[in-house]
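Reading the structure
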Amino acid sequence: YISDGKHADWCEKYAKIMLENFLGLTVSSAFGYWKSESGNIISEKVYIIKASTNAEIFEFNYTPEEYIRIVAERLKSDMGQEAVSYEINGVLHII
């Protein structure tokens, strides 16, 4: 379980990271259900970050898709999550 305050802290941290290379973003809360590796059904509050960019503003040697995967992997590790997902152009990726 991650408290609302901790979620808010993570959203703020990752908004700052993502806005280094994105034009803008929106964060909204939702309630998610998923099946854990042990087979249990888990329900928890989730936060959805929607970001907009174009490849020309990127300062790194990554494509926007590569950058999002790197950020998602870091978020997964930092928050100790079993999995996180991200969607690019309608394609869902779960890591």
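Please refer to the structure higher up on the page.
Residues numbered from 1 in each chain as written. Predicted model: local features only at pLDDT ≥ 70, side-chain atom pairs only at ≥ 80, totals over all residues. Heavy atoms only, no water.

**Remarks on the pattern of salt bridges**
- One pass over the full model with this rule turns up 4 salt bridges.
- The salt bridge partner of R69 is E73, with a shortest N-O separation of 3.0 Å. Within this pair, R69 and its partner E73 are both found in helix α2 (residues 64–79), separated by 4 residues, close to a single helical turn.
- The partly exposed category is assigned to R69, whose relative accessible area is 36%. (Salt bridge = Lys/Arg side-chain N within 4 Å of Asp/Glu carboxyl O. Helix = DSSP H or I, 4+ residues; strand = E, 2+ residues; numbered from the N terminus. Buried < 20%, exposed > 50% of the residue type's maximum accessible area, 1.4 Å probe, protein only.)

**Quick look at α2**
- Taking 1.5 Å of rise per residue, 16 residues should cover 22 Å, and α2 covers 22 Å from first to last C-alpha, within 8% of that figure.
- Among all positions of α2, only P64, Y67, I68, V71, A72 and M79 are buried. Viewed end-on, α2 has its buried residues packed into an arc of 135°, placing them on one side of the element.
- Summarising the contacts, the buried residues of α2 are in contact with α1 (4–18) and β3 (85–88).
- Looking one or two residues beyond α2, the residue adopting positive phi is G80, at roughly 65°. (Expected span 1.5 Å × (residues − 1). Arc of directions from axis to C-beta. Contact = heavy atoms within 4.5 Å.)

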